[in-house]
Amino acid sequence: MDEVRPRLEAFAAEMFGSLARRDQRAKGELYVRGLMLDGKRKSMQPMAERLGVDHQQLQQFVSSSTWDYVEVRERVARWAAAHIGPQAYAIDDTGFPKDGYDSPGVARMYCGALGKRGNCQIGVSVNLVSDQASTAVNWRLFIPDSWDDATAEDDELLAEAIRRRRRRAGIPDQVRHKEKWRQALEMLDEVRGQWGLPDLPVVADAGYGDATGFRLGLTDRGLAYAVAVKGTTTAYPGDARPEHPPYSGRGRPPRPAYPIPHSTLRDLVLAAGRGAARTVTWRQGSKSGPRNPRADMRSRFVALRVRPANRDIPRDVDGSLPECWLLAEWPPGTAEPTDYWLSTLPADTPLRELVRIAKIRWRIEHDYRELKDGLGLDHFEGRTYLGWHRHVTLAALAQAFCTLLRLDPKVPAPA
């Protein structure tokens with residue numbers, strides 16, 4: 001820290017430049033420095049002890065000081081867009097194991113950090129990613145329906161109990177239960193529309209890719225995507241065409257329809273056969289060996305043009321469904337494909353590029369690991385909605401600074 005502190009102070013001054021008061025900017029840098037120091041716990045009291053300050057300084061800055069975390073996020077996002085050469089937006093969510101009835105958003109849900117259902121908070125993030133670097137630039141706290149009094153309209157006693165709980169946690173009245181994929185779309189609108197970040201392809205796991213509304217929302221926004229889906233997702237082959245059934249002259253004329261039933265993605269790939277798979281190397285990993293001295297990330301993939309079949313997908317006037325890519329990973333030695341993606345990248349996209357974009361989502365796993373293991377993302381012990389959003393913003397700023405150090409070969413400090 002002694003070696004990099006001058007650069008941290010300069011970086012923090014730039015990221016906190018929207019804060020009007022000098023003491024707020026100083027406390028912001030202090031908090032970020034505390035997140036980066038060695039130590040297992042990054043909650044306020046342990047950080048304050050390492051920093052040699054009263055923990056109430058940190059508590060006041062996060063919980064009750066007057067500063068806008070959204071403006072800080074915007075500056076971090078603009079910095080990342082300018083410096084890491086982002087090639088996609090990665091969408092995902094992460095769990096924060098948490099006990100306590102009054103902690104905002106806590107409910108019994110599946111938590112990846114626990115590997116099972118348990119009491120936790122869930123944060124949804126948008127990350128700017130490239131093959132070499134990534135940064136978490138926007139966050140939302142997921143509000144379960146048990147925290148939304150509008151879902152308990154038929155039980156006034158329960159609704160009033162939820163309202164009291166929301167007031168204690170400081171949850172704004174306009175913040176309601178909303179699917180994670182809807183929160184992701186709102187964040188993309190914010191980073192692109194209000195912050196002026198570029199249009200980039202969107203990548204996400206099947207938790208988002210399986211939501212037809214999410215895919216349609218991306219298309220409505222003019223954003224291409226490569227999202228994981230289950231093999232049970234249904235589709236028609238890309239060359240399938242709807243036909244007009246004969247009209248008897250009575251009643252309403254029948255609509256155009258596909259003459260064959262739709263199939264699952266798994267069945268479409270199996271029908272193409274193992275011979276349709278091609279070996280693709282999409283990037284270098286970190287584990288080399290005698291058979292792979294360059295640590296190449298390599299597997300076999302099948303790419304087909306398909307038309308996803310879902311009653312919610314709008315059809316053209318001729319009854320046809322939109323066409324897109326089906327990408328399937330079929331590793332050597334496996335009886336069938338292991339992973340599937342749907343992508344609206346252009347039809348002439350080379351297979352290697354299709355695979356590279358679909359696989360670039362690995363960066364978000366790196367981000368969550370760094371944010372949690374090294375920067376205390378999930379160590380916040382406060383019980384307010386505002387405090388949670390400020391803490392994750394400051395942790396993301398610390399991660400952005402680590403990224404800055406990694407991108408600069410002149411800095412010998414580990415990051």
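Residues numbered from 1 in each chain as written. Predicted model: local features only at pLDDT ≥ 70, side-chain atom pairs only at ≥ 80, totals over all residues. Heavy atoms only, no water.

Description of the overall build of the protein chain
Here is step 1 of the chain: For the protein chain, the count of helices and strands is 13 helices and 12 strands.
Here is step 2 of the chain: Its C-alpha atoms give the protein chain a radius of gyration of 24 Å, within 12% of the compact-globule value 22 Å for 415 residues.
Here is step 3 of the chain: Over its C-alpha atoms, taken along the principal directions, the protein chain stretches across nearly 80 × 65 × 40 Å.
Here is step 4 of the chain: Looking at the protein chain as a whole, 51% of its 415 residues qualify as buried.
Here is step 5 of the chain: Put simply, of all contacts in the protein chain between residues at least 6 apart along the chain, 66% involve residues at least 24 apart.
Here is step 6 of the chain: Positive and negative side-chain charges of the protein chain, numbering 61 and 54 respectively, have mean locations separated by a distance of 3 Å. (Helix = DSSP H or I, 4+ residues; strand = E, 2+ residues; numbered from the N terminus. Rg over C-alpha atoms; globule rule 2.2 N^0.38 Å. Buried < 20%, exposed > 50% of the residue type's maximum accessible area, 1.4 Å probe, protein only. Contact = heavy atoms within 4.5 Å. Lys, Arg positive; Asp, Glu negative; His and termini not counted. Charge placed at Lys NZ, Arg CZ, Asp CG, Glu CD.)

Observations regarding the side chain of D296
Here is step 1 of the chain: With respect to the element layout, D296 can be found in strand β10 (residues 296-308).
Here is step 2 of the chain: The exposure class of D296 is buried, given its relative accessible area of 15%.
Here is step 3 of the chain: Within the local environment of D296, its side chain forms a polar contact with the side chain of R298, the two groups lying 3.2 Å apart.
Here is step 4 of the chain: Residues in contact with D296, not counting those within four places in the same chain, are T281, R283 and Q284. (Polar contact = N/O pair within 3.5 Å; in protein donor to acceptor, adjacent residues only side chain to side chain.)

As for the pairing of β10
Here is step 1 of the chain: Alignment of strand β7 (residues 234-237) against β10, held across three bridges, turns out to be antiparallel. Looking at β10, one finds that A235 is bridged to P308.
Here is step 2 of the chain: Looking at chain direction, strand β9 (residues 278-284) and β10 are connected through six bridges and run antiparallel. The residue bridging T281 from the neighbouring strand is R298, located in β10.
Here is step 3 of the chain: Pairing of β10 with strand β11 (residues 324-329), which is carried by six bridges, proceeds in the antiparallel orientation. Considered in β11, the bridge of R305 is made with W325. (Pairing = 2+ DSSP bridges.)

Looking at the side chain of K42
Here is step 1 of the chain: Turning to its location among the elements, K42 is positioned in the loop between α2 (22-36) and α3 (44-51).
Here is step 2 of the chain: The buried charged residue K42 lacks any salt bridge, with D38 as its nearest oppositely charged partner at 6.7 Å.
Here is step 3 of the chain: Only 2.6 Å separates the side chain of K42 from the backbone oxygen of L35, close enough to count as a polar contact.
Here is step 4 of the chain: Polar side-chain contacts of K42 include one of 2.7 Å to the backbone oxygen of G374.
Here is step 5 of the chain: Those residues in contact with K42 that sit more than four places away from it in its chain are G34, L35, M36, L37, M47, R50, G374, L375, G376 and H379. (Salt bridge = Lys/Arg side-chain N within 4 Å of Asp/Glu carboxyl O.)

A closer look at the packing of aromatic side chains
Here is step 1 of the chain: For the structure shown, the criterion picks out 10 aromatic pairs.
Here is step 2 of the chain: When the centroid spacing of 5.4 Å and the interplanar angle of 80° are considered together, the rings of F11 and W79 count as edge-to-face. You can see F11 sitting in helix α1 (residues 5-15) and its partner W79 sitting in helix α5 (residues 69-83), a full 68 residues away along the chain. A single burial state applies to F11 and to W79, both of which are buried.
Here is step 3 of the chain: Geometrically, the ring pair formed by F96 and W388 is edge-to-face, given 5.6 Å between the ring centres and 70° between the ring planes. With F96 in strand β1 (residues 88-97) and W388 in helix α13 (residues 385-407), this residue pair connects regions lying 292 residues apart in the sequence.
Here is step 4 of the chain: Note on F96: relative accessible area 3%, which makes it buried.
Here is step 5 of the chain: Among the aromatic residues, those joined into a ring-pair cluster are F96, W139, Y368 and W388.
Here is step 6 of the chain: Lying over the aromatic face of F142, K180 brings its terminal NZ or CZ to 4.3 Å of the ring centre. (Phe/Tyr/Trp six-rings, centres within 6.5 Å; stacked < 30°, edge-to-face > 60°. Lys NZ or Arg CZ within 6 Å of the ring centre and 35° of its normal.)

Overview of the pattern of salt bridges
Here is step 1 of the chain: In total, this model carries 34 salt bridges according to the counting rule given.
Here is step 2 of the chain: Across the pair R41 and E381 runs a salt bridge whose closest N-O atoms are separated by 3.5 Å. In this pair, R41 is assigned in the loop between α2 and α3 and E381 in the loop between α12 (362-373) and α13, connecting sequence segments 340 residues apart.
Here is step 3 of the chain: With a relative accessible area of 54%, E381 lands in the exposed category.
Here is step 4 of the chain: Here K230 makes a salt bridge to D210, at a shortest N to O gap of 2.8 Å.

Some details on the UniProt feature "domain: Transposase IS701-like DDE" (unreviewed entry) in the protein chain
Here is step 1 of the chain: Per the UniProt entry, the sites bearing "domain: Transposase IS701-like DDE" (unreviewed entry) are residues 14-288 in this numbering.
Here is step 2 of the chain: The annotated region residues 14-288 carries 36% helix and 21% strand content, and the separation between its end C-alpha atoms amounts to 39 Å. (UniProt positions renumbered as here; feature names shortened; annotations may be inferred.)

Focus on the pairing of β1
Here is step 1 of the chain: With eight of 10 residues buried, β1 lies mostly within the body of the structure.
Here is step 2 of the chain: Examined bridge by bridge, β1 and strand β5 (residues 202-204) share three bridges and lie parallel to one another. Bridging from a neighbouring strand, A90 pairs with V203 of β5.

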